[in-house]
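Below, each chain spelled out in residue letters.
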Amino acid sequence: MKQSGAIEYAERVPLDRPTLTPNDPSYASQWHLATIGASSAWNFFSTGSNIRIAIVDDAVQRSHPDLSPNLWVNSGEIANNNIDDDNNGYIDDINGYDVASNDNNPDPPSTAYSHGTHVAGISSAATNNSTGIASIGFSCKLMCVKSTNSSSVI
């Protein structure tokens, strides 16, 4: 530009990029997301993710309002037909599996089983949905794997 003779003076101006600020009520108290710069990352990665995160823990409450929108759905299974439609060794594993009890219900048997639900929320609670918390995963899909026997509490 200088060599053209048409410009007398030019300087670089930094490009300011807006960052997404979720509308989740508890977002302001989630200091860890600010520490890692999550809002800047959400500009490039937020909705429509096809990334799956397996939560292998005591259980995951699939009906939780901040988790249910982000549940992984096994498209190779037909729900409640008691057949392993996708031939992966797990019958009706629609959102995950309970490997401890060998059934398709990865939900907690009681409120004492809350760790997996907590981990799932940190990993990929539905973000920017005016509910609960924001998560680094924003819209990653949660595969729930219950690996704790229902008669033992962590």
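Up top you'll find the structure we're talking about.
For clarity, every value in this text was computed on a predicted model and none was experimentally measured.

1. What about the pattern of salt bridges?
No. 1: With the rule as written, the count across this model stands at 2 salt bridges.
No. 2: In this structure, the salt-bridge partner of Arg62 is Asp107, at a minimum N-O distance of 2.8 Å. Highlighted residues: Arg62 in the loop between strand 1 (52–57) and strand 2 (96–98) and Asp107 in the loop between strand 2 and helix 3 (115–124), separated in sequence by 45 residues.

2. What about the packing of aromatic side chains?
Aromatic ring pairs: the centre-centre distance and the angle between the two ring planes describe each pair.
No. 1: Per the stated rule, a full pass over the model turns up 3 aromatic pairs.
No. 2: Here the aromatic cluster, defined as three or more aromatic residues joined through ring pairs, consists of Tyr27, Trp42 and Phe138.

3. A few points about the sheet that holds strand 1
In a beta sheet, neighbouring strands are held together by backbone hydrogen bonds and run either parallel or antiparallel to one another.
No. 1: With parallel pairing, 3 strands are arranged side by side in an open sheet as 1-3-2. Sheet topology places strand 1 and strand 2 at the edges, where each strand pairs with a single neighbour. Neighbour to neighbour, the strand axes of the sheet diverge by 15° on average, direction disregarded.
No. 2: In the sheet, strand 2 pairs with strand 3 (residues 141–146) via 3 bridges, with the strands oriented parallel. The partner of Asp98 across the bridge, within strand 3, is Lys146.
No. 3: Most of the contacts of helix 3 go to strand 1, to which it runs at about 160°, and overall it touches strand 1 and strand 3.

Reading guide: rules and limits
- Residues numbered from 1 in each chain as written.
- Predicted model: local features only at pLDDT ≥ 70, side-chain atom pairs only at ≥ 80, totals over all residues.
- Heavy atoms only, no water.
- Salt bridge = Lys/Arg side-chain N within 4 Å of Asp/Glu carboxyl O.
- Helix = DSSP H or I, 4+ residues; strand = E, 2+ residues; numbered from the N terminus.
- Phe/Tyr/Trp six-rings, centres within 6.5 Å; stacked < 30°, edge-to-face > 60°.
- Pairing = 2+ DSSP bridges.
- Axes fitted to C-alpha atoms, helices over the stretch in contact; angles between N-to-C directions.
- Contact = heavy atoms within 4.5 Å.

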